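Next come the chains, spelled out residue by residue.
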Amino acid sequence: MTTAPHTAPHTAPHTDPTTTAPHPVAVPATRAPGCPFDPAPAVDRAREEAPVVRATLWDGSPVWLVTRYQDVRDVLGDPRFSADARRPGFPFLTAGARVLAEDRSFSFIRKDDPEHARLRRMLTADFMIKKVEAMRPQVQEIADGLLDRMTDGRASADLVAEFALPLPSLVICLLLGVPYEDHTFFQDRSRVLLSLRSTPEEVRASQNELLDYLERLAAKKRREPDDGIISRLAARGELSDEDIAGMGRLLLIAGHETTANMTALGTLALLRNPSQLERLRAEPSLIKGAVEELLRYLTIVHNGVPRAATEDVTVGGTTIRAGEGVLCTLNAANRDEAVFPSGDALDVTRDARRHVAFGFGIHQCLGQPLARIEMQIALETLLRRLPDLHLAVPFEEVPFRHDMGIYGVHALPVGW
């Protein structure tokens, strides 16, 4: 097993954390003031002045914040940094987040190899590029149907509620074999699980309700199989209903929350950058690259990807000791000027394919081929069918999701 190229053995000298933290950072970091599309100012300063910096979590415990592109890739690609939430020092962003590491819902993204690889392989075929590409006509039909309903007899709507959220929700329900008529139930529970303000009790209740629902669904699929992922997992005979529920919860939440928020936030970013919007309208062939640039520019995982060091490792000149927690700030890494010149600017012609919006290494997002296709279709369809799309409220009144683990907007009132 190879290690990351810019790490060093535990014999490297330990760096005094006080010298790497001229601007102490609290996590989650405060975003105001500044552009709501940009990383929090304190995180931006850390990347420029102290790329591996001590930060403080909600409970006062310390964590290392890694902010530069190469360092983030090094950590996420190094097996000495564990994704196992049961490891000593593993950082949790909220008290409620600890609940998500309980055994009953322990998903494979919080496991290390070989167990992580064993479970992930069960799903790989469902998200291969070739298979997902074959879904384009179906996703396009869903997008057109949603826009038909949204625009029927009206000239304004909430783009989140009527397009950005139902599109990926419908698709992931089809893939999993989850009845879409239950979408209000699982979306409500998802909001609680992703909220930075939810109490442990609220998280536990919502998690248990969602897992109970998925366990019952898995049991039903054993009796009445279909072509969905949950049914196929049940048919393998290797997993209990509880195990399937844990995997289903991850896919269900990640499959609609991430793409929904990227679609809405990406639309808003284009509306705020009219020259880029017009360039994209004039050259629809740019849409694939534009989606990569929006993923880089917006990067909706703002509070960091957590890891715990299993031995002493030096990253960016700073020694991180075994048992210490790390947060890799993907949004800061994606603005690193050494990799993305003028990174604070949105440029739909940029080659942004090296971004780390989906993470990096063995745990990078399994569903990224599907997310890309959904975003490409959603944005192309919006721009083609609504040439006069505009914000229906002042930009300052758009409710950003500062209170959520997945960034975006709670609503996006638009007109056409």
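Residues numbered from 1 in each chain as written. Predicted model: local features only at pLDDT ≥ 70, side-chain atom pairs only at ≥ 80, totals over all residues. Heavy atoms only, no water.

### Quick notes on the packing of aromatic side chains
When we look at a pair of aromatic rings, we describe it by the centre distance and by the angle of the planes. This structure, assessed with the given rule, holds eight aromatic pairs. When the ring of Phe395 is compared with that of Phe400, the centres are 5.9 Å apart and the planes differ by 75 degrees; the resulting orientation is edge-to-face. Assigned by exposure class, Phe395 and Phe400 land together as buried. Measuring from centroid to centroid gives 6.1 Å for Phe400 and Tyr407, while their planes differ by 20 degrees, and the two rings are stacked. With respect to class, Phe400 is no different from Tyr407; both count as buried. The rings of Phe37, Tyr297, Phe395, Phe400 and Tyr407 are connected pair by pair, giving a single aromatic cluster. The lysine or arginine in question, Arg272, covers the ring of Phe395, its NZ or CZ lying 3.8 Å from the ring centre. Stacked on the ring of Phe340, the Lys or Arg Arg296 has its end atom at 5.4 Å from the ring centre. (Phe/Tyr/Trp six-rings, centres within 6.5 Å; stacked < 30°, edge-to-face > 60°. Buried < 20%, exposed > 50% of the residue type's maximum accessible area, 1.4 Å probe, protein only. Lys NZ or Arg CZ within 6 Å of the ring centre and 35° of its normal.)

### Points about the environment of Leu123
Looking at the secondary structure, you find Leu123 in helix H4 (residues 115-124). Under the relative-accessibility criterion, Leu123 is labelled buried at 0%. Here the alpha-carbon distance between Leu123 and Ile229, two residues 106 residues apart in the chain, equals 7.9 Å. If we ignore the near neighbours within four places in the chain, the residues touching Leu123 are Phe108, Ile229, Leu233, Met247, Leu251 and Leu366. (Helix = DSSP H or I, 4+ residues; strand = E, 2+ residues; numbered from the N terminus. Contact = heavy atoms within 4.5 Å.)

### Some thoughts on the environment of Ser275
By secondary structure assignment, the location of Ser275 is in helix H13 (residues 274-282). Residues Ser275 and Val348, spaced 73 residues apart in sequence, show a C-alpha to C-alpha distance of 9.9 Å.

### What about the packing of helix H8 (residues 166-176) against helix H12 (residues 241-272)?
Close contact between H8 and H12 brings their axes to 8 Å; oriented N to C, the two are set at 155 degrees. Viewed along their axes, H8 and H12 adopt a mutual orientation that is roughly antiparallel. Of the two possible hands of crossing, H8 and H12 adopt the one that is right-handed. Every residue of H12 that contacts H8 at Pro168, Ser169, Ile172 and Leu176 is listed here: Gly248, Leu251, Leu252, Gly255, His256, Thr259 and Ala260. Residue composition of the contact of H8 with H12, grouped by class: six nonpolar, five polar and no charged. (Axes fitted to C-alpha atoms, helices over the stretch in contact; angles between N-to-C directions. Parallel < 35°, antiparallel > 145°, perpendicular 65-115°, else oblique. Left-handed = near helix turned anticlockwise from the far one by under 90°. Nonpolar A, V, L, I, M, F, W, Y, C, P; charged D, E, K, R; others polar.)

### Some details on the sheet that holds strand S9 (residues 325-328)
The sheet built from six strands is open, its strands ordered S1-S2-S3-S9-S6-S4 with mixed pairing. Strands with a single pairing partner mark the edges of an open sheet, and in this sheet they are strand S1 (25-26) and strand S4 (81-82). Bridging between strand S6 (residues 305-309) and S9 involves four bridges; their strand directions are antiparallel. Each residue of the ladder has a partner; that of Arg307, found in S9, is Val326. On top of the sheet, helix H2 (residues 69-76) reaches strand S2 (52-56), strand S3 (62-66), S4, S6 and S9; it is set at about 125 degrees to S9, its chief contact. (Pairing = 2+ DSSP bridges.)

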